2 protein chains.
Amino acid sequence: MTITIEDVWAATERINAFAHRTPVLRSHSLDQMVGAELHFKAENFQRVGAFKFRGACNAVWSLDDAEAAQGVVTHSSGNHGQALALAAQTRGIPAYVVMPEDSAKPKLAAVRGYGAEAILCASNLDAREQTCAEVQQRTGAVMIHPYADHRIIAGQATAALELLCEIGHVDSLIAPVSGGGLLAGSALSLGALCPSAQIIGAEPEGANDAWLSMQAGELRGISKPNTICDGLRANLGALNFEILQLHQAQILTVSDAETVAAMRLVWERMNIIIEPSCATVVAVLLRYREQFAGQRVGLILSGGNVDLDALPWAR
Amino acid sequence: MTITIEDVWAATERINAFAHRTPVLRSHSLDQMVGAELHFKAENFQRVGAFKFRGACNAVWSLDDAEAAQGVVTHSSGNHGQALALAAQTRGIPAYVVMPEDSAKPKLAAVRGYGAEAILCASNLDAREQTCAEVQQRTGAVMIHPYADHRIIAGQATAALELLCEIGHVDSLIAPVSGGGLLAGSALSLGALCPSAQIIGAEPEGANDAWLSMQAGELRGISKPNTICDGLRANLGALNFEILQLHQAQILTVSDAETVAAMRLVWERMNIIIEPSCATVVAVLLRYREQFAGQRVGLILSGGNVDLDALPWAR
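Residues numbered from 1 in each chain as written. Chains lettered and ligands numbered in written order. Predicted model: local features only at pLDDT ≥ 70, side-chain atom pairs only at ≥ 80, totals over all residues. Heavy atoms only, no water.

## Digging into the environment of Val48(B)
Residue and element names in this part refer to chain B.
Next up, step 1: Secondary-structure assignment places Val 48 in the loop between strand E2 (37-42) and helix H3 (52-62).
Next up, step 2: Relative accessible area serves as the criterion here: at 10%, Val 48 is assigned to the buried category.
Next up, step 3: In sequence terms Val 48 and Gly 35 are 13 residues apart; their C-alpha atoms lie 33 Å from each other.
Next up, step 4: If we skip the residues at most four places from it in the chain, Val 48 touches Phe 53, Asn 79, Gln 82, Ala 83, Leu 86, Tyr 114 and Asn 305. (Helix = DSSP H or I, 4+ residues; strand = E, 2+ residues; numbered from the N terminus. Buried < 20%, exposed > 50% of the residue type's maximum accessible area, 1.4 Å probe, protein only. Contact = heavy atoms within 4.5 Å.)

## Focus: the interface of chain A and chain B
By a frequent convention, interface size equals the accessible area lost on bringing the separate parts together.
Next up, step 1: Facing the 19 residues of chain A at the interface are 19 residues of chain B.
Next up, step 2: Both sides together, the interface formed by chain A and chain B hides about 1600 Å², and carbon and sulfur atoms give 56% of it.
Next up, step 3: Considering only the side of chain A, the residues that lose the most area to chain B are Asn271(A), Ile273(A) and Leu308(A), jointly responsible for 37% of the buried surface there.
Next up, step 4: Counting every contact that joins chain A to chain B gives two salt bridges.
Next up, step 5: A salt bridge links Arg264(A) to Asp309(B); its shortest N-O distance comes to 3.0 Å.
Next up, step 6: One can count eight residue pairs in polar contact (both at pLDDT 80 or more) joining chain A with chain B.
Next up, step 7: When residues of the side of chain A that touches chain B are assigned to their parent elements, the largest contribution, four residues, is made by helix H12 (residues 256-270) of chain A.
Next up, step 8: Its residues assigned to classes, the side of chain A that touches chain B shows eight nonpolar, seven polar and four charged. (Buried area = accessible area lost by both parts, 1.4 Å probe. Salt bridge = Lys/Arg side-chain N within 4 Å of Asp/Glu carboxyl O. Polar contact = N/O pair within 3.5 Å; in protein donor to acceptor, adjacent residues only side chain to side chain. Nonpolar A, V, L, I, M, F, W, Y, C, P; charged D, E, K, R; others polar.)

## Thoughts on the packing of helix H8 (residues 150-167) of chain B against helix H9 (residues 181-193) of chain B
Residues and elements named next belong to chain B.
Next up, step 1: In contact at an axis separation of 7 Å, H8 and H9 are set at 45 degrees when each is read in the N-to-C sense. Taken together, H8 and H9 sit at an angle that is classed as oblique. Helix-helix and strand crossings are classified by hand; for H8 and H9 the assignment is right-handed. Contact with H8, carried on its side by Ile 153, Gln 156, Ala 157, Ala 160, Leu 161, Leu 164 and Cys 165, involves Gly 181, Leu 182, Ala 184, Gly 185, Ser 186, Leu 188, Ser 189, Leu 190 and Leu 193 of H9 and no other residues of that element.
Next up, step 2: For the contact of H8 with H9, a count of residues per class yields 11 nonpolar, five polar and no charged. (Axes fitted to C-alpha atoms, helices over the stretch in contact; angles between N-to-C directions. Parallel < 35°, antiparallel > 145°, perpendicular 65-115°, else oblique. Left-handed = near helix turned anticlockwise from the far one by under 90°.)

## Quick word on the relation of the copies chain A and chain B
Next up, step 1: Here chain A sits on chain B after a turn of 180 degrees about the axis and a move of 0.0 Å along it, with an RMSD of 0.0 Å. Each copy turns onto its partner about a two-fold axis. Every residue of chain A has its C-alpha some distance from the rotation axis, and the shortest such distance is that of Ile272(A), at 2.1 Å.
Next up, step 2: The overlap is high: 100% of the interface residues of chain A also sit at the interface in chain B, so the same surface is used on both sides. (Least-squares fit on C-alpha atoms with pLDDT ≥ 70 in both.)

## Here we look at the sheet that holds strand E7 (residues 172-176) of chain A
Residue and element names in this part refer to chain A.
Next up, step 1: Spatial ordering of the open sheet is given by E1-E2-E10-E7-E8-E9, a layout of six strands whose pairing is mixed. Edge positions in the sheet fall to strand E1 (24-25) and strand E9 (250-254), since each of these pairs with one other strand and no more.
Next up, step 2: Bridging between strand E2 (residues 37-42) and strand E10 (residues 296-301) involves six bridges; their strand directions are parallel. Across the sheet, His 39 pairs through a bridge with Gly 298, a residue of E10.
Next up, step 3: The sheet contacts of helix H10 (residues 209-216) involve strand E8 (198-204) and E9, and relative to E9 the element is tilted by about 140 degrees.
Next up, step 4: With respect to the sheet, helix H13 (residues 276-287) is in contact with E2, E7, E8, E9 and E10, its orientation differing from that of E7 by roughly 140 degrees. (Pairing = 2+ DSSP bridges.)

## Comments concerning helix H5 (residues 79-91) of chain B
Turn by turn, an α-helix covers 3.6 residues, leaving residues three or four places apart pointing in a common direction.
All names here are of chain B.
Next up, step 1: The end-to-end C-alpha separation of H5 is 19 Å, in line with the 18 Å expected for 13 residues at 1.5 Å each.
Next up, step 2: Within H5, 11 of the 13 residues are buried, which leaves the element mostly enclosed by the surrounding structure.
Next up, step 3: Those residues of H5 not exposed but buried are Asn 79, His 80, Gly 81, Gln 82, Ala 83, Leu 84, Ala 85, Leu 86, Ala 87, Ala 88 and Arg 91.
Next up, step 4: As for H5, its buried residues are in contact with H3, helix H4 (65-70), strand E3 (72-75), strand E4 (95-100), helix H6 (105-113) and H8.
Next up, step 5: One or two residues past the end of H5 sits Gly 92, with phi positive at roughly 70 degrees. (Expected span 1.5 Å × (residues − 1).)

## Thoughts on unusual backbone geometry
Residue and element names in this part refer to chain A.
Next up, step 1: If you check the backbone angles, Val 48 has positive phi at about 60 degrees while not being a glycine.
Next up, step 2: If you check the backbone angles, Asn 271 has positive phi at about 55 degrees while not being a glycine.
Next up, step 3: Along the chain, the position of Asn 271 falls in the loop between H12 and H13.

## Focus on the sheet that holds E4(B)
Residue and element names in this part refer to chain B.
Next up, step 1: If you trace the four strands from one edge of the open sheet to the other, you get E5-E4-E3-E6, paired in parallel fashion. The open sheet has two free edges, formed respectively by strand E5 (117-121) and strand E6 (142-143), since each of these has just one partner strand.
Next up, step 2: Of the strand pairs in this sheet, E3 and E4 are connected by four bridges, and their pairing is parallel. Of the residues in E4, the one forming a bridge with His 75 is Val 98.
Next up, step 3: Those strands touched by H5 are E3 and E4, and its axis lies near 170 degrees from that of E3.
Next up, step 4: In this fold helix H7 (residues 125-139) packs onto E3, E4, E5 and E6, with an angle of close to 170 degrees to the strand it touches most, E3.

## Quick word on the pattern of salt bridges
Next up, step 1: A complete count under the given rule lists 24 salt bridges over all chains for this structure.
Next up, step 2: Glu258(B) is the salt-bridge partner of Arg287(B), the closest N and O atoms lying 3.0 Å from each other. Residue Arg287(B) is located in helix H13 (residues 276-287), and its partner Glu258(B) is located in helix H12 (residues 256-270); the two are separated by 29 residues in the primary sequence.
Next up, step 3: On the basis of relative accessible area, Glu258(B) is assigned to the partly exposed category, the value being 28%.
Next up, step 4: Here the salt bridges share partners, and the residues they tie into one network are Lys41(A), Glu43(A), Arg54(A) and Glu162(A).

## Concerning the domain arrangement of chain A
Residues and elements named next belong to chain A.
Next up, step 1: Under the domain assignment used here, chain A contains domain 1 (5-50 + 149-314) and domain 2 (53-143).
Next up, step 2: The C-alpha centroid of domain 2 is placed 24 Å from the C-alpha centroid of domain 1.
Next up, step 3: Listed per partner, the contact involves 24 residues of domain 1 and 20 residues of domain 2.
Next up, step 4: Note on domain 1 versus domain 2: buried area summed over both sides is about 1700 Å², and carbon and sulfur give 58% of it.
Next up, step 5: Contact with domain 2 buries surface across domain 1, with Phe 18, Val 48 and Arg 151 losing the most and accounting together for 39% of the total.
Next up, step 6: At the boundary of domain 1 with domain 2, the tally comes to two salt bridges.
Next up, step 7: Scanning the region where domain 1 abuts domain 2 turns up nine residue pairs in polar contact (both at pLDDT 80 or more).
Next up, step 8: When residues of the side of domain 1 that touches domain 2 are traced back to their parent elements, those giving at least two are helix H1 (5-15) and helix H8 (150-167).
Next up, step 9: For the side of domain 1 that touches domain 2, the leading source of residues is H8, giving eight residues.
Next up, step 10: Broken down by class, the residue content of the side of domain 1 that touches domain 2 amounts to nine nonpolar, seven polar and eight charged. (Domains from an automatic or database assignment.)

Structure representation (structure tokens):
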């Protein structure tokens, strides 16, 4: 199924009443450090603290009334679960979030706080998928995959669309890449509005399956990702990979040390809180600064959900 | 000298080319916790990370060319020194910042990074004032006091003016109070635009000279302030006190523990970094929430300059 910019506009209309139109931030000092004109789309200010609400909200409001009445189900230990729970709440339908039994308590509390049912399972992919299937069978709920879903991709694409509509042309646009919902969506919006610009995925060296896949020209997975970026451990989806190939996405990798330094720099210079997964885009900017010199660069700050008792520079 | 809203408009015109028009932020969860409609003016995103740049910039651009050519001088160990240094840089004139010899290195580096001369002196008020006087005599520089100055007050008043022009009527407006530049300025803007609204100063219990002064009906000082709020240790200025009396400001005090809890809450729920001095306004909101129930409340988030290696909840 091909996703077009029309689908992204439709997503914008669906989510407008519920999602924040997040601000675009500037930073004198980061501009000077990189020698570029930087525009940061602050999705860390999005509802549930991450861009994930856009896709979840679009998916929930894409369902027809009969489907919606059965509710929605997903497996997620992170932001997608909370996002789907809140999205379901905006429509007043049930949400079932399958989570590993060792999930942190605040994450369980957040999902339940949005009115969803948290369903615990063993902490491996097989158990998650099986539990999801059981919930689907029992309730009739619609499965909303975290990234390999055209409704999710169109929803995540609205962040880049808003950014470009606000600031106009960019030379490059950088977003983190994990399963590829955000990056594929960003590629779609950029391809339509600034077709000559370069779409770039920021990826941890210890979870570089997107980099490997783009190099190989075919989907490659990593079984044991090793990175502090807890939002970037998933492997690229097939649908997502197709879109990245179509738009000739460039994947740039960074070490966790570079990511932590970039995260701290943003906290200190911009006075905003971003999470490690999000800081990869700034780490890319700094590590590969020659590539961006003199450019107008858009960056998607994907989220800001951090445990303040376990800051990476305090370890 | 009486300061009017016309002076505030004039300040707005002077600083517009240099200061950020900071965003007004909302928070669903804080609204729910307080039972009020909250509008946060995010001066932690202002240049140098604090509202102080507004007053300093207005003062520097209020000088005639002959005065300006001699430069400006102040004593400050904190945000005002950096703010004056940057303001002087925008006009291309010298700035002399008298700082205690035990000032933290990053603060010295910041002042020098903005092109100012940092002049070290012993860490007491007498030494600071004497050193300032010497610099004035030697260079002819104009003294710009951190708060007891009509140009500074008119400049700080622009933050509340922008907030009110953007959101319209409020029932209450809360700002931190120390020397009273920001609170007196906010009182001026509120008095002109929403004369029936209540202006409120947030003050640490351990530095409650404004509270004592308003109770007594005359200026009272505290010689040994005891609070982690390093920006709120100064005593109220006489000019500032007059304005607070005129506008019947209410002073509400909070403990440092309440301030730290409020700071952490804002970091977690709003994903922005605010400093302890700034968190007092949110601590007031939570401690006295009955007073604000059902109200539309404006809050000035004064700054976000924090040492990330010494977070108060990690002690």
